[in-house]
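# Fold and contact review
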Amino acid sequence: QVQLVESGGGLVQPGGSLRLSCAASGSGFSIDTMGWYRQDPGKQRVLVASITSGGRTNYADSVKGRFTISRDNAKKTVYLQMSSLKPEDTAVYYCNADISPHVTSGWYTYWGQGTQVTVSS
């Protein structure tokens, strides 16, 4: 079955940068929109950024101008380049993808395992 594997999280100082990656493993499926969400302990998971298969992007107001989402369809991978990081960006970041198996017309939402991003001095 499909798995989304994330990497790139870690500890960074305020004003620094990190790049997150999320690759979809397996075969026999199509991927539409991919995105990144984040969640603090005891809080709701919220959208950070999304990107369609055609490259149209959407960002949360809190990250506009600082984060850039991109994707490589051949590698089935989505990236989140995070710059000018703030302590408020500290959270667990989750990759998300809308996926359709080739044997069905249905679409399903998949989630990565989450990767911790900590912005602190």
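Heads up: the structure comes first, above all this text.
Below, the structure is looked at part by part. Because the structure is a prediction, the values reported are computed rather than measured.

What counts and how
Residues numbered from 1 in each chain as written. Predicted model: local features only at pLDDT ≥ 70, side-chain atom pairs only at ≥ 80, totals over all residues. Heavy atoms only, no water. Helix = DSSP H or I, 4+ residues; strand = E, 2+ residues; numbered from the N terminus. Rg over C-alpha atoms; globule rule 2.2 N^0.38 Å. Buried < 20%, exposed > 50% of the residue type's maximum accessible area, 1.4 Å probe, protein only. Contact = heavy atoms within 4.5 Å. Areas by Shrake-Rupley, 256 points an atom, 1.4 Å probe, with all protein chains shown as cover. Lys, Arg positive; Asp, Glu negative; His and termini not counted. Charge placed at Lys NZ, Arg CZ, Asp CG, Glu CD. Polar contact = N/O pair within 3.5 Å; in protein donor to acceptor, adjacent residues only side chain to side chain.

## Section: the overall build of the protein
From N to C terminus, the protein includes zero helices and eleven strands. Traced from its N-terminal end to its C-terminal end, the protein shows the element sequence β-β-β-β-β-β-β-β-β-β-β. Relative to the 2.2 N^0.38 estimate, which gives 14 Å for 121 residues, the radius of gyration of the protein is 14 Å and therefore close to what a compact globule would have. Its C-alpha atoms put the protein at 50 × 25 × 25 Å along the principal axes. Relative to its 121 residues, the protein shows a buried fraction of 40%. Sequence separation of at least 24 residues holds for 55% of the intrachain contacts in the protein that already meet a minimum separation of 6. Counting only carbon and sulfur atoms, one obtains 47% of the accessible surface of the protein, whose full area is about 6500 Å². Considering the protein, the positive charge centre built from 11 side chains and the negative charge centre built from 8 side chains are found 3 Å apart.

## Considering the environment of A60
If you trace the backbone, A60 turns up in the loop between β6 (57-59) and β7 (67-72). Setting aside chain neighbours within four positions, we find A60 in contact with L47 and V48.

## Topic: the side chain of T115
Along the chain, the position of T115 falls in strand β11 (residues 115-119). From its side chain, T115 meets the backbone nitrogen of G9 in a polar contact 3.3 Å long. Not counting residues within four places of it along the chain, the set of residues in contact with T115 comprises E6, G9, L20, A91, V92 and Y93.

## Digging into the environment of S17
By secondary structure assignment, the location of S17 is in the loop between β2 (10-12) and β3 (18-25). Relative accessible area serves as the criterion here: at 41%, S17 is assigned to the partly exposed category. Residues S17 and Q81 lie 64 residues apart in sequence; the distance between their C-alpha atoms is 7.5 Å.

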